[in-house]
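Given next are the chains, with one letter for each unit.
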Amino acid sequence: MGLLKRTVEKFAQDQRDFFESGLTDEDKAKQASVPVVTVAMEPGSGGFLVAEALAKRLGFDLYHRNILNAIAHSADTNSDVLDMIEKERFSKIQDFVSSLLPDQYVYSGDYVQHLTKMVNSLGIIGRAVIVGRGANFILPPEKRFAIRVIAPEEIRVKNVAFQFGVTLAEAKKRIKKRENRRKTFIKNTFHKDITDVESYDLILNTARLDLQAAVETAIGTILGAQKNRVFEKATAFILRGEK
């Protein structure tokens, strides 16, 4: 067994032992070494595959579309309604949907409120990989390790065309539409630029890394951050002046 694999397995086991120790949520939040990993991505970059593989390697729970079920329960609505809201964030289509489902519809502000509550709860519980939804903007730096997965547009277009069996032109159109929705959601909700590198701890370019290399890079960086106890504070410093 390789050194990296042994280290990762020990890390995952330590996390499991820690969260089975009977500590309160407050104690867990204070002591968890890596509370949550967030994974944002450019459409077509393969970010979900990275998040899925990373969660499996670390033994963490993966939260993607399944998070809608929890929000729906909290908001007393249907997850299909939330799915429509997510697909057409901050668009006029929301007004049309609300007219069709007045009793079940959750407006943007309410959705964000429930989303924030859910993500913060995961930040307390820990051992989670959250895909998208601005989770890295909701949780403070000391409570999450934020990853962004990118790739050149040409490669992403080919990926989407292959995955969905559409033309390159249609794939590019889908990517642009999804990019615009995500950028608008982050800007309007958190007043942030989703592409700002300072909002992330690690950027993975899948044009240069295959899935295994991307996951090992992420794990190596997380382990390094854990060793240096950076999850106990908002910022760390490479250069330190000596007195």
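Residues numbered from 1 in each chain as written. Predicted model: local features only at pLDDT ≥ 70, side-chain atom pairs only at ≥ 80, totals over all residues. Heavy atoms only, no water.

Quick word on helix α11 (residues 211-227)
In step 1: With 17 residues, α11 should reach 24 Å at 1.5 Å per residue; the first-to-last C-alpha distance of 24 Å fits that figure.
In step 2: All buried positions along α11 are accounted for by Ala214, Val215, Ala218, Ile219, Ile222, Leu223 and Ala225. All buried residues of α11 project into a common sector of 165° when viewed along the axis, lining one side. Opposite its buried face, α11 presents the exposed residues Gln212 and Lys227, each directed more than 90 degrees away. (Helix = DSSP H or I, 4+ residues; strand = E, 2+ residues; numbered from the N terminus. Expected span 1.5 Å × (residues − 1). Buried < 20%, exposed > 50% of the residue type's maximum accessible area, 1.4 Å probe, protein only. Arc of directions from axis to C-beta.)

What to know about the nonpolar core
In step 1: Among the nonpolar cores identified, the biggest contains 23 residues, and Val37, Val39, Leu54, Val129, Ile147 and Leu204 are the most heavily contacted of them.
In step 2: Looking at this core, the elements that each hand over two or more residues are β1 (36-41), α3 (47-58), β3 (128-131), β4 (145-150), β5 (202-205) and α11.
In step 3: Those residues in contact with valine 39, other than ones at most four positions away along the chain, are Gly47, Ala51, Val129, Ile130, Val131, Gly132, Ile147 and Val149. (Core = buried A, V, L, I, M, F, W, Y, C linked by side-chain atoms within 4.5 Å. Contact = heavy atoms within 4.5 Å.)

A look at the pairing of β1
In step 1: Along β1, six of the six residues are buried, which leaves the element largely enclosed by surrounding structure.
In step 2: Burial along β1 is two-sided: the residues Val36, Thr38 and Ala40 and Val37, Val39 and Met41 are all buried.
In step 3: Strand direction decides the pairing type here: β1 and β3, joined by four bridges, are parallel. Residue threonine 38 lies in a different strand from β3, and its bridge partner there is isoleucine 130.
In step 4: As defined by bridge partners, β1 adjoins β4 across five bridges and the pair is classed as parallel. Looking across to β4, one finds that methionine 41 is bridged to valine 149. (Pairing = 2+ DSSP bridges.)

Focus on the environment of leucine 211
In step 1: Within the fold, leucine 211 resides in helix α11.
In step 2: Each C-alpha atom, one on leucine 211 and one on glycine 47, is 9.4 Å from the other, the two residues being 164 residues apart in sequence.
In step 3: Sequence-distant contacts of leucine 211, defined by excluding residues within four places in its chain, comprise Leu49, Val50 and Ala53.

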